[in-house]
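As a plain string of letters, each chain reads:
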Amino acid sequence: MFKKVSKVWFTLAMLTCMVLMGAATLSAAAKSKLITIGFSQVGAESDWRTANTKSMRDTFTEANGYKLIFDDAQQKQDNQITALRNFIQQEVDYIVLAPIGETGWDTVLQEAKDAGIPVIIMDRMVNVADESLYTCWVGTNSRGEGDTAAAWMEKTFAGKDKLNIVHLQGTIGSTAQIGRTAGLEDGVKRNKGWKIVAQQTGEFTQAKGQEVMESILKQQSDIDVVYAENDNMAFGAIDAIEAAGKKAGVGGDITVISFDATHAGLQMTLDKKINYNVECNPLHGPRVEVLIKQLEAGQTPEKKAYVEEGAFDATTMTQAILDARAY
Ligand code: AHR
């Protein structure tokens, strides 16, 4: 009897082993079919960036057929170049690069091209001598965003003969900084009374935005507008303004203009602390996936694809808009 029972157990154990081994073989086979993507991300400097990383991680999952190798460059281009070289060595199927700045990419992109790895540029742009060094780009129109903000200022301050502007810039040399700065500076050229009384980088972070604004407030008492090139710097600037005993936003002492329109940024717009917030959409994961699917199908994606974006005025902002915000 004992012998019979132990034989049954043995057979069951063997069968379980075989099923498990089968499953393991199956999953290894499935894994070998995954499309490998090396993704070099700028860092985690802002709410926008966090939402962008999440969008990529949510899209490029194993369940969707991908193996995502994620690298956080901590705001350093050297780290991004090293990450790209590692991806090339690992023979990934695609490289996705969210570049910190526009220049300095020619050599490493040439290496990727020589290795036959398509490179998709996401969000900010690269400025390379040979456009064939990358396959395609998807992102936002930073220059258009700057123009939108300047046009709102022209409408809002029409007839005002003096406008003192504090300009908090993003990471110098990044597309977002270059485009938003150009929009403002062209506005200054068009409008005689506009003056940039301080212009400094806050590196797209809240802490630096606050630190820079605190020091500007100590030197400059006559400020009409803060033009912050992203939400996080605007949050820091608002904290500094309030700590200095002034009021930011609608009906306050200082008008605040921001970019990104993240959930937290739109909350501040609804709270009327940010007067105008120009959208920069970070949900690029599904957009990059469309490009990869086109390439997998042997198609040629558009070289540059701009995302449509809007802008939000505190005086017309609603709870419903905020509730609908996915990031
Ligand atoms: O390149 C997009 C910019 O980068 C966003 O405006 C900013 O928040 C981020 O860090």
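Quantities reported herein were computed from a predicted structural model and do not represent experimental measurements. (Residues numbered from 1 in each chain as written. Predicted model: local features only at pLDDT ≥ 70, side-chain atom pairs only at ≥ 80, totals over all residues. Heavy atoms only, no water.)

Draft legend 1. Up close: the packing of helix α2 (residues 47-59) against helix α10 (residues 285-296). For the pair α2 and α10, the least separation of the axes is 8 Å and the interaxial angle reads 45°. Taken together, the axes of α2 and α10 are oblique relative to one another. Residues Ser55, Met56 and Thr59 of α2 lie in contact with α10, whose contacting residues are Gly285, Pro286, Val288 and Glu289. Its residues placed into classes, the contact of α2 with α10 shows three nonpolar, three polar and one charged. (Axes fitted to C-alpha atoms, helices over the stretch in contact; angles between N-to-C directions. Helix = DSSP H or I, 4+ residues; strand = E, 2+ residues; numbered from the N terminus. Parallel < 35°, antiparallel > 145°, perpendicular 65-115°, else oblique. Contact = heavy atoms within 4.5 Å. Nonpolar A, V, L, I, M, F, W, Y, C, P; charged D, E, K, R; others polar.)

Draft legend 2. Representation of the pairing of strand β6 (residues 163-169) within the structure. Among the seven residues that make up β6, seven are buried, leaving the element largely enclosed by the rest of the structure. Residues Leu163, Ile165, His167 and Gln169 point to one face of β6 and Asn164, Val166 and Leu168 to the other, with burial holding for every one of them. Strand direction decides the pairing type here: β6 and strand β7 (residues 194-201), joined by seven bridges, are parallel. Looking at the pairing, glutamine 169 lines up with threonine 201 of β7. Note on the crossover from β6 through helix α6 (residues 175-190) to β7: the handedness is right-handed. In this sheet, strand β8 (residues 225-228) lies alongside β6 in parallel orientation, the contact comprising four bridges. Bridge pairing in β8 links leucine 168 to alanine 228. (Buried < 20%, exposed > 50% of the residue type's maximum accessible area, 1.4 Å probe, protein only. Pairing = 2+ DSSP bridges. Right-handed = clockwise from strand over helix to strand, strands pointing away.)

Draft legend 3. Broad picture of the site of the ligand. Near the ligand, the surroundings consist of Glu45, Ser46, Trp48, Arg49, Asp123, Arg124, Ala176, Arg180, Phe204, Asn230 and Asp260. Interatomic distance of 3.0 Å between a side-chain N/O atom of serine 46 and an oxygen atom of the ligand. Elements with a minimum of two residues in the shell around the ligand: α2 and α6. Looking at the shell around the ligand, its residues break down into three nonpolar, two polar and six charged. Two domains each put at least three residues into the shell around the ligand: domain 1 (34-140 + 282-296) and domain 2 (142-280 + 312-323). (Near = heavy atom within 4 Å. Polar contact = N/O pair within 3.5 Å; in protein donor to acceptor, adjacent residues only side chain to side chain. Domains from an automatic or database assignment.)

Draft legend 4. Quick peek at the nonpolar core. Counting 42 residues, the largest nonpolar core has Ile95, Trp105 and Val288 as its most contacted members. Per-element accounting of this core gives the leading share, five residues, to helix α3 (residues 77-89). Among residues more than four places away in sequence, those in contact with tryptophan 105 are Gln77, Gln80, Ile81, Leu97, Pro99, Ile100, Val126 and Val128. Within the second largest apolar cluster, 24 residues are counted, among which are Ala234, Ile238, Ala248 and Met268. (Core = buried A, V, L, I, M, F, W, Y, C linked by side-chain atoms within 4.5 Å.)

Draft legend 5. Expanded view of the sheet that holds β8. Ordered in space as β7-β6-β8-β9-β10-β12, the six strands form an open sheet in which the pairing is mixed. Single-partner strands in this sheet number two, and they are β7 and β12 (311-313). Each strand of the sheet is rotated relative to its neighbour by a mean of 15°, with strand direction disregarded.

Draft legend 6. Local environment of the domain arrangement of the protein chain. Splitting the protein chain by domain gives domain 1 (34-140 + 282-296) and domain 2 (142-280 + 312-323). Summarising the inter-unit geometry, the C-alpha centres of domain 1 and domain 2 are found 30 Å apart. With twelve residues of domain 1 at the contact, the number on the domain 2 side is 18 residues. Viewed at the interface, domain 2 and domain 1 are joined by zero salt bridges. At the junction of domain 1 and domain 2, the tally comes to six residue pairs in polar contact (both at pLDDT 80 or more). (Salt bridge = Lys/Arg side-chain N within 4 Å of Asp/Glu carboxyl O.)

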